[in-house]
Amino acid sequence: MSSNTVSKSRYSSTVLSSGLRIVVEEIPSAASVAVGFFVETGSRNEPPELMGVSHFLEHMSFKATKKRSALEVNMALDDMGSHANAYTSWERTVFYAQVLPEFMSSAVNLIAEMIDPAFLVSDFDCEKNVILEEIEMYNDRPESLLFDEIMQARFSPHPLSGRILGTRETIQNLTHEMMKQYHSERYHPSRIVLAVSGAVRAEDVETVAEKLALGSNKATTFSAGNNTLPKNKAKCSRIREGDMQEQFMAVWEGPSYKEHRALYIAGMLGILLGDEEGSRLSWSLTHTGLAQSIEAGVVAFTDTGLFYAGFASLPENFSKCREILFDEIKRIKDKPPNKSEFERAKTKFASRTILSSESTQGRMMGIGVDELTRQPHLNLEEELKLILSITSDEVNAFSSTLNEAEVEGSIGPMQENM
Amino acid sequence: MIRKLSNGMTVAVEKMPNAKSASFTILLQRGAAYDPEGKAGLTAVMTEMLSRGCAGKNAVELISELDSLGIERSFDCSAEYVSLSASLLPDKLDRALNLFFDIITKPNCDQNEFKQSVELSIQSILAIEDNPAEKLMNELGLRFFPYPLGRPVKGIISEIKKLTVRDIKKAMSEFSPETAILSIAGNIEPDEVLVSVEKIFSVWKTASEIRKLSLTPPKELPSHIEKALGAQVQIGLAAPFVSAKDPNYPKAILLLMILTSGMSSRLFVEVREKRGLVYAVRAFYSLMQDNGAMIVYAGTTPDKAEECIQVICAELERLKEGANEKELERGKIKYRSSLIMACEMPSSRAQAMAVDILRFDRVRSISEMIESVTKIELEEMNSFLKSKRILPKIILTLGPEWRNKSGDGGKKI
């Protein structure tokens, strides 16, 4: 085996006087730089009549700024040869670009400019149509709809239960003024993390960041979203006549972002239970041809989490698959993994962590989310050490909490299935 | 470093000094297009069976071994080839290559595993109904590419049901080193790796039968596939385009950059940004042997479908008017950027190397690829654009009824 000549990465974090947090991971051997702005606002912060506004706002950030037209923004992104995009989640909105190292400061400056858009009415009206198309696109992908149903059942009536994209109604009723108001309340440097990974020096990032004018919004206290979170037990079912398969998912309480180690433990259980190959659900459901696909894992939020397990199957196999899924949950408690099964899962976990560390974008996303969610930063070696230190007792302790599912949801052609 | 083994197998190895992992791709040039008449889906079932046991190890033993070695793997098939890819830590490479050699040359072909693979393959075909964009692409290929290159890779349910284990055994015996490509990239020493590869793969004997495909023109099929309960109309256009060996191939790449790469590209601006007709619109290049195609995809609601198709066709037509200097520069930086960033990952590089050998009989270096595009001058690009008209041969839609009241739909366009 050849020796590893990759130089070690170096991590630094600062807070500017504006409140902007900056985290940088220097990876001298990288060929690119990934830049991300992580804004601490998402669908959970939306009052019901504004459902979808955070995501719409994400779209508006690719339109005219105070200095450029929408086309000029897009040309500037392409002039850098960037791979740029954004996403909106329940608790954050993230804007990112991966570029060659020479474009780092252009990328940081441009995205900072973009997240304080001009909110032109013409841009707003046109982009509304794009969002309505996006909603319809997902309406043709049933596997992407089930989790929305689960979230709604679990957290209703809290805004965390709402749709990230909004609905046709809420989007059509959104006004330009409502959006500007929301932006002024939520986008403030104290709620933003700038994360950069790759062939970059921390001091260069800080120099660029110090000069950023991140808008003139005043910091406000958090509004909707921090009330007591309901945790409903429910069964939900959505009938879609045109679908071929029935999708199913069950969720249990899982660790929140505040429980750092517990997230890894739950992730380990996800691999043991629902990994594509070699997991308990894959052997009994997909390997046998009973189900088309399976999945298991954890979704974390600031103050709660969900552990999920699910499958997609033809209606004629649905009942059997559902029964087997719950049997496997029971069996992983009654007959926990032996040493070799456990070690294999650990190896997968560690291997994947190393492989994904080769992507500067992957690293940037990790350090950005960690900082925004106030989790401790771990470099690759520390993260591997954590993974390898997980014991089967810890995993068994977590799996023993998976009793009756909190929420069960299905989507598909079946009229009655639970 | 590229080498041909004594048995004809082509091997390419490249060290990536900044990588942590190693990755390899094996292409076996016996893909779904080689499935005999009446056995469409054979390759798909066979591919599903690859991880289900070899050299006397049953499925549990094989999958457990792959997992113990921390190998991230995928087994796929296209019309032209079956591909096996793996990413792993370099110290496991030898063992992985040995294991993959057994997977290819000593399959168990267990009857029970076969039955389960058949079930899964059938379900996989049915599941496409819930993914209309994927279904559209399958149907578009069927209408555009010569048969059986364009035949959907997953096959036909009635034909899969008639398959036997013997069919699988026969198909796997058609894998041959002469038509096999192995590429390895990452944190490795090429000399050492080549020695291992020689040792492992040289014993592989040529297949007794290496068939050639006999191609026929695609059948004429309807230009709209009804899916009444669909939310969007899926739109696909396919136009003849250059083949990889064409000397204008680099200009074709640059054309694609201008047309579809990035948010200031023509399709994105005209179809989405200016008119709000779609969320998704993109063009990409597809190649089946020497048949090159430019494929355009868009998804839109029924009332906008007609305009969407018109705008896309107008943009394809407008290409012949030429590009401006800025567009050219942007296209070049996008290409250079994408290549460099993709090649940070050994898995991308290994995959690219294998496909290069398939298309060009050699491996192009990243700098060669960049140079071939960045040296293109505006004048020569514009004369290429003028002469190379992109004319959609097939326009296909899938979804709810969208055609105007006169019922003429596609023909009018």
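Novice: How would you explain the domain arrangement of chain B if you had to name every residue and give the values?
Specialist: Residues and elements named next belong to chain B. Domain boundaries assigned for chain B yield domain 1 (2-201) and domain 2 (224-412). Using C-alpha coordinates to define each centre, domain 1 is positioned 28 Å away from domain 2. Each partner contributes to the interface: domain 1 provides 38 residues, whereas domain 2 provides 40 residues. Around 3,000 Å² of area is buried between domain 1 and domain 2 when both sides are counted, 76% of it from carbon and sulfur atoms. Counting the contacts that link domain 1 with domain 2 gives two salt bridges. Glu14 serves as the salt-bridge partner of Arg349, at 2.8 Å between the closest nitrogen and oxygen.

Novice: Now, about the pairing of strand E13 (residues 394-399) of chain B: what can you tell me, with residues and values included?
Specialist: All names here are of chain B. The buried fraction of E13 is high, at five of six residues. Note: strand E9 (residues 224-226) against E13, three bridges, orientation parallel. From the neighbouring strand, His224 faces E13, where its bridge partner is Thr397. The pairing of strand E10 (residues 233-241) with E13 spans five bridges and is classified as antiparallel. Bridge pairing links Ile235 to Thr397 in E13.

Novice: I'd love a proper account of the packing of helix H1 (residues 42-49) of chain B against helix H4 (residues 111-127) of chain B, names of residues and values included.
Specialist: All names here are of chain B. Viewed as axis vectors pointing N to C, H1 and H4 meet at an angle of 120 degrees, and their least axial separation amounts to 9 Å. As the angle between them shows, H1 and H4 are arranged oblique. The way H1 lies across H4 gives a crossing that is right-handed. From H1, Ala44, Val45, Glu48 and Met49 reach across to H4, where they touch Glu113, Phe114, Ser117, Val118, Leu120 and Ser121. For the contact of H1 with H4, a count of residues per class yields six nonpolar, two polar and two charged.

Novice: Break down the packing of aromatic side chains for me, with residues and values.
Specialist: All names here are of chain B. Overall, the coordinates contain 22 aromatic pairs over all chains when judged by the stated rule. Aromatic side chains Phe144 and Phe145 sit 5.0 Å apart centroid to centroid with 90 degrees between the ring planes, which places their arrangement in the edge-to-face category. Overall, Phe144 belongs to the buried group, its relative accessible area being 7%. Relative accessible area serves as the criterion here: at 4%, Phe145 is assigned to the buried category. Between Phe241 and Tyr285 the ring centres are 5.9 Å apart and the planes differ by 70 degrees, which places this aromatic pair in the edge-to-face class. Of this pair, Phe241 sits in strand E10 while Tyr285 sits in strand E11 (residues 281-288), and the two are 44 residues apart along the sequence.

Conventions adopted
- Residues numbered from 1 in each chain as written.
- Chains lettered and ligands numbered in written order.
- Predicted model: local features only at pLDDT ≥ 70, side-chain atom pairs only at ≥ 80, totals over all residues.
- Heavy atoms only, no water.
- Domains from an automatic or database assignment.
- Contact = heavy atoms within 4.5 Å.
- Buried area = accessible area lost by both parts, 1.4 Å probe.
- Salt bridge = Lys/Arg side-chain N within 4 Å of Asp/Glu carboxyl O.
- Buried < 20%, exposed > 50% of the residue type's maximum accessible area, 1.4 Å probe, protein only.
- Helix = DSSP H or I, 4+ residues; strand = E, 2+ residues; numbered from the N terminus.
- Pairing = 2+ DSSP bridges.
- Axes fitted to C-alpha atoms, helices over the stretch in contact; angles between N-to-C directions.
- Parallel < 35°, antiparallel > 145°, perpendicular 65-115°, else oblique.
- Left-handed = near helix turned anticlockwise from the far one by under 90°.
- Nonpolar A, V, L, I, M, F, W, Y, C, P; charged D, E, K, R; others polar.
- Phe/Tyr/Trp six-rings, centres within 6.5 Å; stacked < 30°, edge-to-face > 60°.

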